[in-house]
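# Inside the fold
In case you want the letters, here they are:
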Amino acid sequence: QVQLVESGGGSVQEGGSLRLSCVASARSSSSTVYGWFRQAPGKEREFVALIRVRGSSPFYADSVKGRFTISRDNPKNTVYLQMNSLKAEDTAVYYCALASQYTSNLREYDSWGQGTQVTVVS
């Protein structure tokens, strides 16, 4: 399985920005989509954004559309999540993951990172 490691989390003021990174151990032939998910305390893990490993076709949850941008750098086996205009509601542990299908359903993602904490201070 592909190993994923997130980084870039931290504490930021409301309205501020953070850029998360996720590095994969290697590019998998079976992995077609990078996804970002998040889980707030006491809440279910939810979809944030995805992008094709090959090509692009980014897609975002309505809650982050216009504020977050997903991108990837294939030579570095890295996917990014640029988060702008952060809100207190964005506070969560953020996870990157890989799937073999173009889907926002977390149950279809097979490889997961350990997560990185993002705390937005109001």
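Preceding block: the structure.
Presented here is a report on the structure given in the accompanying data block. Please read all numbers here as calculations on a predicted model, not as lab measurements.

### Some thoughts on unusual backbone geometry
Most peptide bonds take the trans form, and the phi angle of most residues other than glycine is negative. Backbone geometry at S57 places phi at a positive 50 degrees, although glycine is not the residue there. Exposure remark for S57: the relative accessible area of 36% places this residue in the partly exposed category. Notably, S85 is not glycine yet its phi reads approximately 50 degrees, a positive angle. Residue position: S85 is located in the loop between β8 (78-83) and β9 (92-99). Its relative accessible area of 40% is what places S85 among the partly exposed residues.

### Topic: the state of the cysteines
The full count for this structure, using the stated rule, is 1 disulfide. The disulfide partner of C22 is C96, and the gap between their sulfur atoms is 1.8 Å. Around the S-S axis, the bridge from C22 to C96 shows a dihedral of about 55 degrees and counts as right-handed. Here C22 is found in strand β3 (residues 18-24), whereas its partner C96 is found in strand β9, with 74 residues between them in sequence. A single burial state applies to C22 and to C96, both of which are buried.

Procedures and definitions
Residues numbered from 1 in each chain as written. Predicted model: local features only at pLDDT ≥ 70, side-chain atom pairs only at ≥ 80, totals over all residues. Heavy atoms only, no water. Buried < 20%, exposed > 50% of the residue type's maximum accessible area, 1.4 Å probe, protein only. Helix = DSSP H or I, 4+ residues; strand = E, 2+ residues; numbered from the N terminus. Disulfide = S-S within 2.5 Å.

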